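# Architecture at a glance
Chain by chain, the residues:
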Amino acid sequence: MDVAAYLAERSALVDAALERALPPADAPPARLHAAMRHLLFPGGKRLRPALAFAGAEAVGAPAERALPVAAAVELVHTYSLVHDDLPCMDDDDERRGRPTVHVAYGEATAVLAGDALLAAAFEVLAAGPGPQDRLLAATRLVAEAAGSRALVGGQVDDLAFGPDPADAAAVESVHRRKSAALIAAAVEGGALLGGGDAAARAALRAFGVETGIAFQIADDLLDGDADEACSLVRTLGVDGARARAESLLAAALGRLERFGERAEPLRELARFAVRRDR
Ligand code: GRG
């Protein structure tokens, strides 16, 4: 399977849904709507939506069934990047090869654009299409992944790391919440909207958590910032961090045995997420 082609094809699918989900850039207040689109289009790798589509395929459903959750996780992800780049957090000037939203539109508009992207995630998910009970369960999954027990709590604990290298368990606890929770919600949510049963969903959730932690370790390896406190590269060194990512990847792939050929897109996406060069 050609993972680059899969990502490109699935990106087109989710991009069309994202385009439909957001007001046009010139709809008033135009500055806000333009700011919401600034980081969303052309966007990044669209890995989380691809994992949602692949989650539906793993349980034997057409990829399109996962569309509401695919769009929602990308909107949550984009909101988190807009807020993470703010001067009060990472204070970054560039993201996805463009000026960050606060650099382009000012800090207040960036905060509000992030807020509105988060709300749009739940709007698009609740609107379906799909059976109401599954859409409600998927909404809850994404809300949990975005909340204080996951993304936001992980970010809070990440910001609190001091200058000393942290122990591996503390680093992985942040990775699990800040990075892996949304990835797991994407895969499980795709399976949920695809009609997967509880056992399939549990296996895919575990796959998502392990893949998500390994993805974050790979990100830290690519980043090459030896001063980053919340990083296994700092705690275990480059070789130790690489070995841990590979062992998580092997565990994640082990979760997919029961799904046979249908899980091939998930296998390839996990390998890409952990061994990528971008
Ligand atoms: C502000 C609530 C709040 C949370 C911020 C997501 C996040 C938490 C911070 C962003 C920085 C960071 C290192 C996040 C970890 C997850 C990660 C590696 C994000 C980048 O994801 P990619 O590589 O990005 O999928 P693209 O641009 O390809 O979508």
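What counts as what
Residues numbered from 1 in each chain as written. Predicted model: local features only at pLDDT ≥ 70, side-chain atom pairs only at ≥ 80, totals over all residues. Heavy atoms only, no water. Phe/Tyr/Trp six-rings, centres within 6.5 Å; stacked < 30°, edge-to-face > 60°. Lys NZ or Arg CZ within 6 Å of the ring centre and 35° of its normal. Helix = DSSP H or I, 4+ residues; strand = E, 2+ residues; numbered from the N terminus. Buried < 20%, exposed > 50% of the residue type's maximum accessible area, 1.4 Å probe, protein only. Contact = heavy atoms within 4.5 Å. Near = heavy atom within 4 Å. Polar contact = N/O pair within 3.5 Å; in protein donor to acceptor, adjacent residues only side chain to side chain. Areas by Shrake-Rupley, 256 points an atom, 1.4 Å probe, with all protein chains shown as cover. Nonpolar A, V, L, I, M, F, W, Y, C, P; charged D, E, K, R; others polar. Patch = residues over 30% accessible without salt bridge, like charges linked within 9 Å, V, L, I, M, F, W, Y side chains within 5 Å. Salt bridge = Lys/Arg side-chain N within 4 Å of Asp/Glu carboxyl O. Lys, Arg positive; Asp, Glu negative; His and termini not counted. Charge placed at Lys NZ, Arg CZ, Asp CG, Glu CD. Expected span 1.5 Å × (residues − 1).

### Topic: the packing of aromatic side chains
In this description, a pair of aromatic rings is defined by centroid distance and the angle of the planes. For the coordinates displayed, the defined rule picks out zero aromatic pairs. Taking the ring centre of Phe259 as reference, the NZ or CZ of Arg258 above it sits at 5.2 Å.

### A look at unusual backbone geometry
The peptide bond linking Pro28 to Pro29 adopts the cis configuration, its omega dihedral lying at -5°. Mapped onto the fold, Pro29 is located in the loop between helix 1 (3-21) and helix 2 (30-40). Of note, Asp91 is a non-glycine position whose phi angle comes to about 55°, a positive value. For Asp91, the position within the fold is in the loop between helix 4 (67-84) and strand 1 (94-95). A positive phi is found at Arg96, a non-glycine position, where the angle reads about 50°.

### Quick word on the environment of Leu22
You can see Leu22 is positioned in the loop between helix 1 and helix 2. Its relative accessible area of 6% is what places Leu22 among the buried residues. Linking Leu22 and Leu117, residues 95 residues apart in sequence, is a C-alpha distance of 8.6 Å. For Leu22, the contacting residues outside a window of four places in its chain are Met36, Arg37, Leu40, Leu75, Leu117 and Ala120.

### Quick look at the site of the ligand
Contacts to the ligand come from 20 residues, most closely from Lys45, Arg48, His77, Arg96 and Gln216. Between an oxygen atom of the ligand and a side-chain N or O atom of Arg48, the distance comes to 2.8 Å. In the environment of the ligand, an oxygen atom lies 2.7 Å from a nitrogen or oxygen atom belonging to the side chain of Arg96. Protein contacts shield 90% of the accessible area of the ligand, which totals 710 Å² for the unbound molecule. Where the shell around the ligand is concerned, the elements lending two or more residues are helix 4, helix 8 (151-159), helix 9 (168-193) and helix 10 (198-223). Ranked by residues supplied to the shell around the ligand, first place goes to helix 4 with six residues. Each residue belonging to the shell around the ligand can be placed in one class, and the counts come to six nonpolar, seven polar and seven charged.

### Things to note about a negative patch on the surface
Where like charges cluster on the molecular surface, the negative patch consists of Asp90, Asp91, Asp93, Glu94 and Glu107. The exposure class assigned to Glu94 is exposed, which follows from its relative accessible area of 59%.

### Observations regarding the environment of Ala71
Mapped onto the secondary structure, Ala71 falls in helix 4. The spacing of Ala71 and Asp26 is 45 residues in sequence and 21 Å in space, taken between C-alpha atoms. Residue contacts for Ala71: discarding those within four places in its chain leaves Val14, Ala17, Leu18 and Val124.

### Some details on helix 10
Between its terminal C-alpha atoms helix 10 stretches 37 Å, which fits the 38 Å expected from 26 residues at 1.5 Å a residue. The positive-phi residue at the C-terminal boundary of helix 10 is Gly224, with phi of around 65°.

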